[in-house]
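Chain by chain, the residues:
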Amino acid sequence: MLVILDNARNVRQVRPLIPAGPRCRVLITSRDPLATLNNARHLHLGGLDDANAATLLTRIVGVGRMEAEPQAVEEIVRLCGGFPLALRIVAARLAARPDRPLSHLAVRLADATRRLDLLEYADLAVRAGLAVSHQQLREEPAGQDAAHLLCLLGLADLPAYTPAATAALAGWPEHRAETALEHLLDARLLERAGPDRYQLHDLVGLYAREQDLPGDERASATRRVLHHYLATAQRAADLLNDHTEAGLYATDQAGEELPTLEAANAWLDGERDNLLAAVRQAARLADGSAVGLAHHLLWLFDRRGWFAEALEAGAEVLRQARERADWQAQVSLLQGLAGIHQQVGGLQESVRCLEDALACVERTESPRRKAGLYNDLGITYTQMERYDDALTALRGALVITQEEGRTLHEGMVRSNRAQVYHRQGRHAEAEDEARLALALTVKEQGNAGAVGVAHDTLADCLRARGSLEEAVGEFRMGIEYQREAAYTMGLAVSHWWLGHTLHDLGRHDEARESWRASLALLRDARLITPGEEARYLAQPVPDLPEAIKNQL
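Residues numbered from 1 in each chain as written. Predicted model: local features only at pLDDT ≥ 70, side-chain atom pairs only at ≥ 80, totals over all residues. Heavy atoms only, no water.

### Let's talk about helix α27 (residues 530–537)
Right, so step 1: Taken together, the buried positions of α27 are occupied by Glu 533, Tyr 536 and Leu 537. Projected onto a plane normal to the axis of α27, the buried residues spread over an arc of 95 degrees and lie on a single side.
Right, so step 2: Buried residues in α27 make contact with α26 (508–524) and α28 (546–549). (Buried < 20%, exposed > 50% of the residue type's maximum accessible area, 1.4 Å probe, protein only. Helix = DSSP H or I, 4+ residues; strand = E, 2+ residues; numbered from the N terminus. Arc of directions from axis to C-beta. Contact = heavy atoms within 4.5 Å.)

Now the structure itself:
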């Protein structure tokens with residue numbers, strides 16, 4: 001005998017219905033994992049992939065209509081997200097209207113505000129199916145936190161949720177948030193997105209955003225999670241930038257603990273997309289965290305080569321700062337945007353941003369900000385081969401850093417000045433300036449990235465002067481420090497020119513390995529495609545990638 005128990009709520013409901021006979025079998029479907037059933041074999045079903053989703057539609061709608069509109073099919077499949085019930089409802093709608101093109105429904109489904117309404121037909125409804133699971137959580141004492149959390153998750157436009165961010169969103173201790181997340185996972189209202197990471201299916205997210213919450217709770221929960229990201233990004237930037245970012249932007253959230261440089265880099269790797277989403281949401285809501293989030297995102301993404309996303313997010317927050325005549329915010333954002341424009345080859349735009357930032361500084365009470373702006377102007381002018389202008393700007397930066405006793409920053413400015421000298425053919429001066437820059441950055445312990453860049457600059461100067469063996473050693477030291485700081489772009493540059501130095505020494509296999517390492521970093525940062533990487537590696541001496549050309 002085969003007993004089928006469909007849509008079982010929990011183990012308590014199932015146990016009394018399981019027959020005891022030796023020739024009996026039971027097939028159970030449930031949203032609950034039913035993990036405590038004895039002698040059970042579990043099959044966990046996820047969503048349908050695109051091919052199987054299209055096959056399901058084809059069986060009901062017909063091959064002819066599907067083949068006639070492949071782009072509409074692709075869009076419908078994407079909008080249903082592999083959700084079997086959603087696909088079945090869409091198929092029923094299409095079958096009931098054989099005279100309508102598939103593109104008509106695809107366009108309507110693309111409107112997120114109507115999607116759940118359209119995913120209801122006759123006795124089938126995605127919203128009702130989700131509501132059943134949600135209501136079951138509400139009715140169970142152990143599930144009430146999870147039921148409430150589902151409503152809150154709809155407030156944060158995050159690609160994934162960590163226990164720490166969720167705790168901030170809900171205003172709960174982290175262990176309580178994690179327990180609620182696991183309950184939602186068991187109820188199939190969340191999906192696993194990696195270790196300690198969870199995500200909402202798009203359709204579940206639409207359902208969550210429909211749920212009623214008091215206005216003040218919505219505002220406070222959203223503010224908490226945005227400020228959680230501000231506090232954590234500030235801590236990461238502080239660790240990565242020699243403790244110059246601490247307390248730069250006020251926040252009442254603790255953020256995540258990042259005890260080490262390694263922890264800061266790991267957090268940035270894991271939270272890249274969430275940090276970008278937080279900036280976008282803060283900008284859309286005109287939340288007070290927007291400027292701080294954008295400032296830290298620009299700096300952190302710049303180091304990793306994540307340029308395109310940073311430009312888009314930073315530009316919107318800058319527009320709002322201009323509307324408010326917030327001069328301090330404009331200085332921070334313009335400087336961050338200038339650095340990224342410079343690294344993608346937009347040198348004129350970089351100069352314009354820096355000149356605008358200098359004009360904004362005149363309206364603030366922070367003249368010390370000029371040092372960084374002059375330094376960045378010096379870098380950009382160097383890239384433009386305007387060497388006299390570069391030296392003038394760097395001289396302005398050097399005066400301020402020396403007057404204020406900022407030894408590390410003086411070392412950075414001198415490192416950039418050495419780059420100008422060696423491009424002018426003033427090789428002895430370049431080497432002397434580079435050695436002084438290295439001594440100053442090493443003296444101020446704690447900024448591995450700056451020390452790595454100083455070694456790289458000295459290597460450039462030595463290479464230009466013909467001291468190739470010594471240059472190899474300096475490049476390798478620069479790579480070691482920049483790897484510690486996870487400074488992607490600096491690493492890519494050092495590996496690239498180390499490759500050329502090794503090639504000039506006749507050490508061709510080592511050179512190719514160094515070029516390979518550089519190109520892999522550029523590929524991982526999405527600055528070149530895998531195909532471009534392969535084409536570079538197919539050349540005996542690879543052409544200079546644009547991403548390397550745009551670095552000092």
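What follows continues from the structure just given.
### Topic: the side chain of Asp 456
Right, so step 1: Residue position: Asp 456 is located in helix α23 (residues 448–465).
Right, so step 2: No salt bridge is formed by the buried Asp 456, whose closest oppositely charged neighbour, Arg 423, lies at an N-O distance of 8.4 Å.
Right, so step 3: Excluding residues within four positions of it along the chain, Asp 456 makes contact with Phe 475, Val 493 and Ser 494. (Lys, Arg positive; Asp, Glu negative; His and termini not counted. Salt bridge = Lys/Arg side-chain N within 4 Å of Asp/Glu carboxyl O.)

### Concerning the packing of aromatic side chains
For any pair of aromatic rings, geometry is given as the distance between the ring centres together with the angle between the planes.
Right, so step 1: Applying the stated criterion to the full structure yields 3 aromatic pairs.
Right, so step 2: Both rings, one in Phe 301 and one in Trp 306, keep their centres 5.0 Å apart while their planes meet at 90 degrees; by these two values the pair is edge-to-face. An identical accessibility class is assigned to Phe 301 and Trp 306; each is buried.
Right, so step 3: Seen from their ring centres, Trp 496 and Trp 515 are 6.4 Å apart, and the 45 degrees between their planes marks the pair as tilted. In this pair, Trp 496 is assigned in helix α25 (residues 488–504) and Trp 515 in helix α26, connecting sequence segments 19 residues apart. (Phe/Tyr/Trp six-rings, centres within 6.5 Å; stacked < 30°, edge-to-face > 60°.)

### Examining the confidence of the model for the chain
Right, so step 1: Summary statistics for the chain give a mean pLDDT of 93 and a share of 99% for residues scoring 70 or more.
Right, so step 2: Per-residue pLDDT, averaged within each element of the chain, yields its smallest value for helix α1 (residues 11–14) (85) and its largest for helix α10 (residues 163–170) (98). (pLDDT = per-residue confidence, 0-100.)

### Side note on the side chain of Thr 166
Right, so step 1: Looking at the element boundaries, Thr 166 is found in helix α10.
Right, so step 2: Within the structure, Thr 166 has its side chain in polar contact with the backbone oxygen of Thr 162 (distance 2.7 Å).
Right, so step 3: Beyond its immediate sequence surroundings of up to four residues, Thr 166 is in contact with Leu 149, Leu 153, Tyr 161, Ala 177 and Leu 181. (Polar contact = N/O pair within 3.5 Å; in protein donor to acceptor, adjacent residues only side chain to side chain.)

### Here we look at the pattern of salt bridges
Right, so step 1: On inspection of all chains with the given rule, the structure shows 39 salt bridges.
Right, so step 2: One salt bridge in this structure joins Glu 312 and Arg 280, with 2.6 Å as the shortest N-O distance. Here Arg 280 lies in helix α14 (residues 261–285) and Glu 312 lies in helix α16 (residues 307–323), a separation of 32 residues in the sequence.
Right, so step 3: Take Arg 280: its relative accessible area is 36%, and that puts it in the partly exposed class.
Right, so step 4: The partner of Glu 510 in a salt bridge is Arg 507, with the nearest N and O atoms 2.9 Å apart.
Right, so step 5: Judged by its relative accessible area of 26%, Arg 507 falls in the partly exposed class.
Right, so step 6: Three or more residues joined by partner-sharing salt bridges are found here, namely Asp 117, Glu 120, Arg 127 and Glu 210.

### Describing the nonpolar core
Inside soluble globular proteins, nonpolar side chains tend to come together where they are buried.
Right, so step 1: With 161 residues, the main nonpolar core has Ile 76, Val 90, Leu 149, Leu 184, Leu 275 and Phe 301 as its most contacted residues.
Right, so step 2: No other element matches α14, which puts 11 residues into this core.
Right, so step 3: Every residue in contact with Leu 275, bar those within four places of it in the chain, is listed here: Ala 233, Trp 267, Leu 268, Leu 293, Leu 297, Leu 300 and Phe 301. (Core = buried A, V, L, I, M, F, W, Y, C linked by side-chain atoms within 4.5 Å.)

### Concerning the packing of helix α8 (residues 126–139) against helix α9 (residues 144–153)
Two measures define how a pair of helices packs: the angle their axes make with one another and the distance between the axes.
Right, so step 1: The contact between α8 and α9 brings their axes to 6 Å, and the two run at 135 degrees. As far as their axial angle goes, α9 and α8 are oblique. The interaxial crossing formed by α8 with α9 has left-handed handedness. Contacts from His 134, Leu 137 and Arg 138 of α8 reach α9 at Gln 144, Ala 146, Ala 147, Leu 150 and Cys 151.
Right, so step 2: Looking at side-chain class alone, the contact of α8 with α9 contains 5 nonpolar, 2 polar and 1 charged residues. (Axes fitted to C-alpha atoms, helices over the stretch in contact; angles between N-to-C directions. Parallel < 35°, antiparallel > 145°, perpendicular 65-115°, else oblique. Left-handed = near helix turned anticlockwise from the far one by under 90°. Nonpolar A, V, L, I, M, F, W, Y, C, P; charged D, E, K, R; others polar.)

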